[in-house]
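Structure at a glance
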Amino acid sequence: MATSDSEFNSDLLLAHKLPETRYTYNERDVAIYALGIGACGQDAVDSDELKFVYHRNGQDLIQVLPTFASLFTLGSLTEGLDLPGFKYDPSLLLHGQQYIEIYRPLPSKASLINKVSLAGLQDKGKAATLELETRSYEEGSGELLCMNRTTVFLRGAGGFSNSSQPFSYKNYPSNQGLAVKIPQRQPLTVCEERTQPSQALLYRLSGDYNPLHSDPEFAKLAGFPRPILHGLCTLGFAIKAIIKCVCKGDPTAVKTISGRFLTTVFPGETLITEMWLEGLRVIYQTKVKERNKTVLAGYVDIRGLSSSL
Ligand SMILES: CCCCCCC[C@@H](O)CC(=O)SCCNC(=O)CCNC(=O)[C@H](O)C(C)(C)COP(=O)(O)OP(=O)(O)OC[C@H]1O[C@@H](n2cnc3c(N)ncnc32)[C@H](O)[C@@H]1OP(=O)(O)O
């Protein structure tokens with residue numbers, strides 16, 4: 001169905017095939033990512049998190065945090081996505097949600113081929129939400145390693161369809177939603193971690209160079225008093241807390257990750273992640289201590305439970 005709006009053409013948009021992308025990484029990238037989400041940032045370097053940033057020559061391999069998989073989508077959205085039939089201003093883009101399924105433990109180095117497709121587009125009036133699905137296959141074996149579904153919230157890009165029947169396209173099963181109800185009872189466990197004032201400058205070295213996180217002038221034009229933290233950096237802190245507190249430090253215990261970014265985080269703020277267990281699902285929410293605001297909420301499905309819980 002094509003609408004009368006000259007900017008928006010759903011026929012063109014839905015027929016468009018997004019190009020494959022490639023992502024190659026090694027142990028150095030894995031370590032830089034882990035440092036970017038605060039690994040070894042709170043305790044002395046002999047903490048449990050050393051395995052994410054260092055391994056002795058010839059002994060074991062560096063361990064890969066499951067949220068590292070979110071980087072495989074770099075290149076699809078961060079450099080501005082050209083979609084025929086749909087226009088938006090990339091400087092007003094905010095990361096809205098992230099959903100990740102991990103099918104087998106992430107290797108410490110790999111070369112991946114990403115198949116990218118449009119998973120959703122919604123006209124929210126003042127904004128639009130755009131969802132991209134990325135399936136990452138290991139080059140050579142062709143094995144499917146993981147799937148990411150990235151939702152971006154495009155401020156100012158809504159209102160392109162009939163307001164009495166706003167355009168809504170979703171191309172994935174409804175049971176893969178992100179909706180989460182935070183339990184009313186006390187959390188099972190809570191983890192507090194301070195981000196560094198330089199956190200976004202460190203995190204960006206993993207490949208998301210969006211100036212919203214580093215350039216004060218750009219941040220002001222985008223409506224913020226100063227650069228904000230990458231959503232995926234906040235998500236990385238939260239999931240690392242779950243691995244530490246619920247999964248006994250085992251990053252391979254994580255199967256599925258979902259998170260919705262509710263409010264922006266500023267580098268230097270303290271993140272408090274509260275966790276509840278429901279079967280093999282960890283429901284979590286992350287608050288900024290200094291402003292007492294919930295910034296992220298979601299769930300993590302795990303493969304098994306540690307006996308001490
Ligand atoms: C490696 C690949 C990377 C991918 C690219 C990412 C690039 C990065 O560099 C960019 C970033 O990291 S930006 C930083 C992280 N994100 C944020 O800080 C955003 C935080 N969230 C907000 O500010 C608000 O929730 C806000 C502004 C998002 C929405 O708040 P409101 O305007 O108040 O919206 P509201 O009126 O409550 O809802 C309107 C409709 O939108 C839906 N919605 C709300 N929040 C959403 C969110 N976070 N994600 C998806 N949808 C969302 C609501 O459900 C509502 O829809 P409906 O009317 O149908 O219920």
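These figures come from a predicted structure and were not determined experimentally.

**Details of the pattern of salt bridges**
Applying the stated criterion across every chain yields a total of 12 salt bridges. In this structure, Arg22 and Glu139 form a salt bridge, with 2.4 Å as the shortest nitrogen-oxygen distance. Taken together, the positions of Arg22 in strand β1 (residues 21–25) and Glu139 in the loop between β4 (127–138) and β5 (144–155) put the pair 117 residues apart, joining distant regions of the chain. Of the residues examined, Arg22 reaches a relative accessible area of 56% and is grouped as exposed. The residue Glu49 makes a salt bridge to Lys240 at a minimum N-O spacing of 3.6 Å. Here Glu49 is found in the loop between α2 (27–36) and β2 (93–102), whereas its partner Lys240 is found in helix α5 (residues 231–245), with 191 residues between them in sequence. In this pair, the class of Glu49 matches that of Lys240, namely buried. Three or more residues joined by partner-sharing salt bridges are found here, namely Glu49, Glu193 and Lys240.

**Some words on the site of the ligand**
Surveying the vicinity of the ligand reveals 27 residues, the closest of which are Lys124, Lys126, Asp208, His213 and Phe261. Between His95 and the ligand, the recorded distance is 2.9 Å, taken from a backbone N or O atom to a nitrogen atom. At a separation of 2.7 Å, an oxygen atom of the ligand approaches a polar side-chain atom of His213. Contact with the protein chains removes 73% of the 1,200 Å² of surface that the ligand exposes when unbound. Broken down by secondary-structure element, the contributors of at least two residues to the shell around the ligand are β2, β5, α5 and β8 (254–261).

**What about the UniProt feature "domain: MaoC-like" (unreviewed entry) in the chain?**
Taking the UniProt record as the reference, the feature "domain: MaoC-like" (unreviewed entry) is found at residues 183–295. For residues 183–295, helix accounts for 23% and strand for 30%, while the C-alpha atoms at its two ends are 17 Å apart.

**Points about the packing of aromatic side chains**
If you walk through the whole model with that rule in mind, you get 14 aromatic pairs. Look at Tyr33 and Tyr203: their rings are 6.1 Å apart centre to centre, the planes differ by 65°, and that puts the pair in the edge-to-face class. Of this pair, Tyr33 sits in helix α2 while Tyr203 sits in helix α3 (residues 199–203); the two residues are 170 residues apart in sequence, bridging distant segments of the chain. Both residues of the pair, Tyr33 and Tyr203, belong to the buried class. Each residue in the set Tyr23, Tyr25, Tyr33, Phe68, Phe72 and Tyr203 is aromatic and connected to the rest through ring pairs, giving one cluster. One residue, Arg149, lies across the ring of Tyr172, its end atom 3.7 Å from the ring centre.

**Considerations on the environment of Gly156**
Of note, Gly156 is situated in the loop between β5 and β6 (168–170). For the pair Gly156 and Asp89, spaced 67 residues apart in sequence, the C-alpha to C-alpha distance is 7.8 Å. Residues in contact with Gly156, not counting those within four places in the same chain, are Lys126 and Ala127.

**Thoughts on the pairing of β2**
β2 sits mainly inside the fold: 9 of its 10 residues count as buried. Relative to β5, β2 is paired through 9 bridges, and the arrangement is antiparallel. Bridge assignment links Tyr99 to a residue of β5, and that residue is Arg149. With 5 bridges connecting them, β2 and β8 associate as antiparallel partners. From the neighbouring strand, Gln98 faces β8, where its bridge partner is Gly259.

Cut-off values and rules
Residues numbered from 1 in each chain as written. Predicted model: local features only at pLDDT ≥ 70, side-chain atom pairs only at ≥ 80, totals over all residues. Heavy atoms only, no water. Salt bridge = Lys/Arg side-chain N within 4 Å of Asp/Glu carboxyl O. Helix = DSSP H or I, 4+ residues; strand = E, 2+ residues; numbered from the N terminus. Buried < 20%, exposed > 50% of the residue type's maximum accessible area, 1.4 Å probe, protein only. Near = heavy atom within 4 Å. Polar contact = N/O pair within 3.5 Å; in protein donor to acceptor, adjacent residues only side chain to side chain. Areas by Shrake-Rupley, 256 points an atom, 1.4 Å probe, with all protein chains shown as cover. UniProt positions renumbered as here; feature names shortened; annotations may be inferred. Phe/Tyr/Trp six-rings, centres within 6.5 Å; stacked < 30°, edge-to-face > 60°. Lys NZ or Arg CZ within 6 Å of the ring centre and 35° of its normal. Contact = heavy atoms within 4.5 Å. Pairing = 2+ DSSP bridges.

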